[in-house]
Amino acid sequence: MAPPPPPQAGLIDDVTAEILLRLPPDEPEHLFRAALVCKPWLRILCDPAFLRRYRAHHRAPPLLGILHRLQVLQGDPPAEFASTTSMPDFPHPGSDGRRTRPLDCRHGRVLIHMFRDGGMDLLVWDPITGDRHVVPEPDIDWLVYTAAVFCAVDGCDHLDCHRGGAFGIVFVGTADRREIIKASVYSSETGAWSVPVSLDNGAEYYAQHRQDAIADERYYTPYVQPRRVALVGDDIYFTLRRGNTIIKYDRTHNCLSMIKPPSLDAGDCCICLMAMEDSSLGFACVEGSDLCLWSRKVNSKGAEWVQFGVMELKTRIHDCNEDYRMFAVSFAEGVGIIFLSTYVGLFTIEIKSGRVRKVGGPGGYYSVLPYMSFYTPNRGSLLSLARTH
C-alpha cells in the first residue's frame, strides 16, 4: 500500500496559526520565541493578517507596564518605564536630563510633560515604535492640571490604533488666583488647540466649598486632581480635590459639567474613576479595609449610583489593614485591573478573579499610568535576532 500523501503546507500553516493564535498576549516573550523556532513560524507570526486576527481574538490589549508619579514631596518619578511582563523596560524619552512628568497612557500612547527653561512641551510617545510628537502647551492659566491622550480615528477598535493614526489631547487645569476649571483639546490633524471652555455652573459649588472650608477652619482650593482620567465614549471624566466631585468633559458638545458622587462612609477618601464594560462610568475606593466598587447607571428617569461590589483586602494583601491607609489610584480598562497604593507597596487586583499581584515597592503613589498595547514580533528585528543565534 502506498504511503499517505504528506499534508499540504498550507494546511500545516493554518493549524500552526490556530495554535499560535492562542498564545497569551500578556507574555510577549512567547510570541518572540515562537518566531525563532523556524522560518515557517516566523512567516506566520509576522504576517499582518495573522497579527490582525491575534489582536481581534484577544480583544483587550494586555498590560505591559506602568509609569507612575509619586506625591510631590517625594519628587518626580524615575526616568524608567517599569515592565510588568517579561519584556524589557522601554528607555524613558526624558533620559536626556530634562525633568519630565507622565500624564497619561492610553491607546498605545504615552503623554508626558517635558519641562524646559522658559516653558514646557507635551510629548506624545509610542514606546514600541519610538514615534514622538511634540505639542506646545494650550493657552490655559493653570497651577494644577491633568490631561489625557486618545485615539482620534473614527471607527477605530483601539487594538492597533497607535501606529501612525490621528490622536487628540484633552488638557484640564485650575488656576491659582481664580477657582475656574478650564479645558482645551488638541487635534493632531489640525495641529492646534481649541478655544478653552470653562465650567459655567461651578459658582454654586465654589461658594459651598468656601462655606464648608470656613466651618472647618481650613481652606482647600478645589483643584483638579492630577490623576489618570476615565474615558467613556466621547466623554472624559476627572475629579476635583475636595469631596471627590466628578467633572465631565463632553467632546461632542465641547462643554464641562459637574457630577456629584454618592456619599461615602470614609468621607473624603480618594476615588479612582473607571470605564466599565457596559460603557458606563464607575469608580473604586477603599473604605476601611474594603475595596468598594460603584457604577453610574443612566436611564429614562435620570442617573443613579449603584454599588456593585465589595472586596475584602486584609486577607488578599499581606500586613495591610485599616490602620494603614490604602488608596485606589488607577484603573486599567479592558482588563479590569485596579491599582492599590499601600504602605508596603503598589499592588494590582483583578476585579473578576480577585487575584492580587505586587508590582511596585513602598512609596506615595499619587498617579499610576498603565501602559496597554499588543507587543508583537517585527520581521526585521526578528531576522536580525535570528542571525545572532
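Small disclaimer: the values here were computed from a predicted structure and weren't measured.

1. As for the overall build of the protein chain
Here is step 1 of the chain: Within the protein chain, the secondary structure is distributed over six helices and 24 strands.
Here is step 2 of the chain: Burial analysis of the protein chain (389 residues in total) assigns 49% to the buried set.
Here is step 3 of the chain: Of all intrachain contacts in the protein chain linking residues separated by at least 6 positions in sequence, the fraction that spans at least 24 positions is 51%.
Here is step 4 of the chain: With an accessible surface of roughly 19200 Å², the protein chain has 51% of that area assigned to carbon and sulfur atoms.

2. Some points on the packing of aromatic side chains
Here is step 1 of the chain: One pass over the full model with this rule turns up eleven aromatic pairs.
Here is step 2 of the chain: Each member of the aromatic cluster is reached from another via a ring pair, and the members are Trp 142, Tyr 145, Phe 167, Phe 171, Tyr 186 and Trp 193.
Here is step 3 of the chain: Sitting over the ring of Phe 150, Arg 251 keeps its end group 4.0 Å from the ring centre.

3. Notes on the sheet that holds strand β15 (residues 255–259)
Here is step 1 of the chain: Strand order in this open sheet of four strands is β12-β13-β14-β15, and the pairing throughout is antiparallel. Every interior strand has two partners, whereas the edge strands, β12 (230–232) and β15, have only one. Ignoring strand direction, the axes of neighbouring strands in this sheet form an average angle of 25°.
Here is step 2 of the chain: Sheet topology places β12 next to strand β13 (residues 235–239); three bridges connect them, and they run antiparallel. For Leu 231, the partnering residue across the bridge sits in β13 and is Ile 236.

4. Looking at the pattern of salt bridges
Here is step 1 of the chain: Scanning all chains against the criterion turns up twelve salt bridges.
Here is step 2 of the chain: With its nearest N and O atoms 3.2 Å apart, the salt bridge here joins Glu 18 to Arg 22.
Here is step 3 of the chain: Exposure remark for Glu 18: the relative accessible area of 33% places this residue in the partly exposed category.
Here is step 4 of the chain: For the salt bridge of Lys 352 with Glu 277, the shortest nitrogen-to-oxygen distance reads 3.3 Å. With Lys 352 in the loop between β22 (345–350) and β23 (356–360) and Glu 277 in the loop between β16 (271–275) and β17 (281–287), this pair connects stretches of sequence that are 75 residues apart. The exposure classification of Lys 352 matches that of Glu 277, with both residues exposed.
Here is step 5 of the chain: Here the residues in one salt-bridge network are Asp 104, Arg 106, Arg 228 and Glu 333, joined through shared partners.

5. A word on helix α4 (residues 48–58)
Here is step 1 of the chain: If you check which residues of α4 are buried, you get Phe 50, Leu 51, Tyr 54 and Arg 55. Along α4, the residues classed as buried sweep out an arc of 135° about the axis, all on the same side.
Here is step 2 of the chain: One or two residues past the end of α4 sits Arg 59, with phi positive at roughly 65°.

6. Here's the deal with the nonpolar core
Here is step 1 of the chain: Grouped together as the largest cluster of nonpolar side chains are 18 residues, with contacts concentrated most on Ile 181, Phe 238 and Leu 256.
Here is step 2 of the chain: Among the secondary structure elements, those contributing two or more residues to this core are β7 (144–151), β8 (167–174), β9 (181–187), β13 and β14 (246–250).
Here is step 3 of the chain: The dominant element in this core, judged by the number of residues it contributes, is β9, at three residues.
Here is step 4 of the chain: Contact partners of Leu 256, with chain neighbours within four places excluded, come to Ile 181, Lys 182, Ala 183, Val 197, Ser 198, Leu 199, Phe 238, Ile 247, Lys 248 and Tyr 249.

7. Regarding the UniProt feature "domain: F-box" (unreviewed entry) in the protein chain
Here is step 1 of the chain: When the UniProt feature table is mapped onto this chain, "domain: F-box" (unreviewed entry) is found at residues 13–52.
Here is step 2 of the chain: A helix fraction of 68% and a strand fraction of 0% characterise residues 13–52, whose end C-alpha atoms lie 16 Å from each other.

8. Brief notes about unusual backbone geometry
Here is step 1 of the chain: For Arg 59, which is not glycine, the phi torsion reads 65° and is therefore positive.
Here is step 2 of the chain: Overall, the relative accessible area of 47% leaves Arg 59 in the partly exposed class.
Here is step 3 of the chain: Even without being a glycine, His 107 presents a positive backbone phi close to 55°.
Here is step 4 of the chain: In this fold, His 107 is placed in the loop between β3 (100–106) and β4 (109–116).

9. Focus on the side chain of Asp 250
Here is step 1 of the chain: Mapping Asp 250 onto the fold places it in strand β14.
Here is step 2 of the chain: Lacking a salt bridge, the buried Asp 250 has Lys 248 as its closest oppositely charged neighbour, with an N-O distance of 4.7 Å.
Here is step 3 of the chain: Filtering out sequence-adjacent residues up to four positions away, Asp 250 remains in contact with Asp 234, Asp 235 and Cys 255.

10. With respect to the sheet that holds strand β21 (residues 337–342)
Here is step 1 of the chain: If you walk across this open sheet you meet the four strands as β20-β21-β22-β23, and the pairing is antiparallel. Edge positions in the sheet fall to β20 (327–332) and β23, since each of these pairs with one other strand and no more. The sheet shows a mean angle of 30° between the axes of neighbouring strands, direction not considered.
Here is step 2 of the chain: Bridge count for β20 against β21 is five bridges, and the pairing is antiparallel. Bridged to Ala 332 within β21 is Ile 337.

Cut-offs used in this document
Residues numbered from 1 in each chain as written. Predicted model: local features only at pLDDT ≥ 70, side-chain atom pairs only at ≥ 80, totals over all residues. Heavy atoms only, no water. Helix = DSSP H or I, 4+ residues; strand = E, 2+ residues; numbered from the N terminus. Buried < 20%, exposed > 50% of the residue type's maximum accessible area, 1.4 Å probe, protein only. Contact = heavy atoms within 4.5 Å. Areas by Shrake-Rupley, 256 points an atom, 1.4 Å probe, with all protein chains shown as cover. Phe/Tyr/Trp six-rings, centres within 6.5 Å; stacked < 30°, edge-to-face > 60°. Lys NZ or Arg CZ within 6 Å of the ring centre and 35° of its normal. Pairing = 2+ DSSP bridges. Axes fitted to C-alpha atoms, helices over the stretch in contact; angles between N-to-C directions. Salt bridge = Lys/Arg side-chain N within 4 Å of Asp/Glu carboxyl O. Arc of directions from axis to C-beta. Core = buried A, V, L, I, M, F, W, Y, C linked by side-chain atoms within 4.5 Å. UniProt positions renumbered as here; feature names shortened; annotations may be inferred. Lys, Arg positive; Asp, Glu negative; His and termini not counted.

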